[in-house]
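# Coordinates in review
Take a look at the letters that make up each chain.
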Amino acid sequence: GQNIDQPTEMTATEGAIVQINCTYQTSGFNGLFWYQQHAGEAPTFLSYNVLDGLEEKGRFSSFLSRSKGYSYLLLKELQMKDSASYLCAVREDFNKFYFGSGTKLNVKP
Amino acid sequence: ETGVTQSPTHLIKTRGQQVTLRCSSQSGHNTVSWYQQALGQGPQFIFQYYREEENGRGNFPPRFSGLQFPNYSSELNVNALELDDSALYLCASSLGGAGLELTEAFFGQGTRLTVV
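The structure displayed is predicted, hence computed values, not measured ones. (Residues numbered from 1 in each chain as written. Chains lettered and ligands numbered in written order. Predicted model: local features only at pLDDT ≥ 70, side-chain atom pairs only at ≥ 80, totals over all residues. Heavy atoms only, no water.)

### Here's the deal with the environment of B:Arg63
Residue and element names in this part refer to chain B. The cut-off we apply is this: Labels follow the DSSP assignment, with helices taken as runs of H or I lasting at least four residues and strands as runs of E lasting at least two, numbered in each case from the N terminus. Whether two residues are in contact is decided by their heavy atoms, any of which lying within 4.5 Å being enough. The definition of a polar contact used here is a pair of N or O atoms within 3.5 Å, where within protein one atom must be able to donate a hydrogen and the other to accept one, and adjacent residues in sequence count solely through side-chain atom pairs.
Residue position: Arg-63 is located in the loop between β6 (53-57) and β7 (64-68). Between the alpha carbons of Arg-63 and Ala-80 there is a distance of 7.1 Å; along the sequence they are 17 residues apart. If sequence neighbours within four positions are ignored, Arg-63 has contacts with Asn-77, Val-78, Asn-79, Ala-80, Leu-81, Glu-82 and Asp-85. A polar contact of 3.4 Å, which involves the side chain of Arg-63, links it to the backbone oxygen of Ala-80.

Written out as structure tokens, the structure is:
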């Protein structure tokens with residue numbers, strides 16, 4: 001089975017840095033993905049890790065430790081438009097994704 | 001804009017009815033996955049189609065069925081609708097196949113289904 005956990009909600013201030021954690025226990029693993037989803041919209045791809053370590057993409061970075069079943073998404077220089085849900089997803093074989101329930105991030109002025 | 005289109009965008013059905021949702025995958029993609037997203041939850045994997053064959057299924061009953069066509073577009077059919085089937089239904093297309101590097105999945109905008 002698949003068990004993917006992330007915090008339900010977080011609040012941060014514009015311009016700050018926020019880290020969203022994700023822990024997982026899955027029967028298969030072929031990458032850990034992060035998606036952003038604004039209310040009423042489709043998820044959009046942010047970042048992924050296959051190997052342990054940090055991947056950086058502009059203001060977004062993602063970290064993976066496969067031995068610990070742990071990942072985090074780091075958002076720097078927060079902007080109001082970053083208010084959204086952030087979904088952690090484990091990819092098993094052949095592009096089947098298993099998602100956590102999402103972390104709703106509220107960015108306040 | 002991901003190039004993945006779903007129709008209709010919104011739909012209201014009555015309990016017990018049947019519904020068909022459609023998804024056109026991004027050009028060049030041969031794999032379509034369907035997800036159900038209840039309010040406040042993450043998407044849940046329903047099933048995946050690769051080159052017109054079902055290629056894995058999540059924990060959904062047989063009244064959820066699907067098809068993939070030669071042009072790789074896909075349909076999701078749900079029979080005997082229940083109130084709990086009310087959700088956002090997302091399809092995601094990607095390029096699959098042996099020897100391919102990890103590829104991301106692109107999501108459509110979804111179909112909001114309400115069962116009353």
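### Notes on the sheet that holds strand β8 (residues 70-75) of chain A
Residues and elements named next belong to chain A. So the rule is basically this: Two strands qualify as a pair provided that DSSP identifies no fewer than 2 bridges between them. Angles run from 0 to 180 degrees between N-to-C directions of axes, and those axes are lines fitted to C-alpha atoms, restricted for helices to the stretch in contact.
Strand order across the open sheet formed by five strands is β1-β3-β8-β7-β6, with antiparallel pairing between neighbours. At either end of the open sheet lies a strand with only one pairing partner, and these are β1 (3-5) and β6 (53-57). Across this sheet, the average inter-strand angle for adjacent strands is 15°, counted without regard to direction. Here three bridges tie β1 to strand β3 (residues 18-25), and the two strands are oriented antiparallel to one another. Along β3, the bridge assignment pairs Asp-5 with Thr-23.

### Overview of the state of the cysteines
Residues and elements named next belong to chain B. Put simply, the rule is: Count a disulfide wherever a pair of cysteine sulfur atoms falls within 2.5 Å. Any residue under 20% of the maximum accessible area for its type is buried, any over 50% is exposed, and the rest in between are partly exposed; the area is computed with a 1.4 Å probe on protein chains only.
This structure, assessed with the given rule, holds two disulfides over all chains. Note on cysteine connectivity: Cys-23 is disulfide-linked to Cys-91, with sulfurs 1.9 Å apart. Here Cys-23 and Cys-91 share a disulfide; its torsion about the S-S bond, 70°, makes the bridge right-handed. Taken together, the positions of Cys-23 in strand β3 (residues 19-24) and Cys-91 in strand β9 (residues 87-94) put the pair 68 residues apart, joining distant regions of the chain. On the basis of relative accessible area, Cys-23 is assigned to the buried category, the value being 2%. The exposure class assigned to Cys-91 is buried, which follows from its relative accessible area of 0%.

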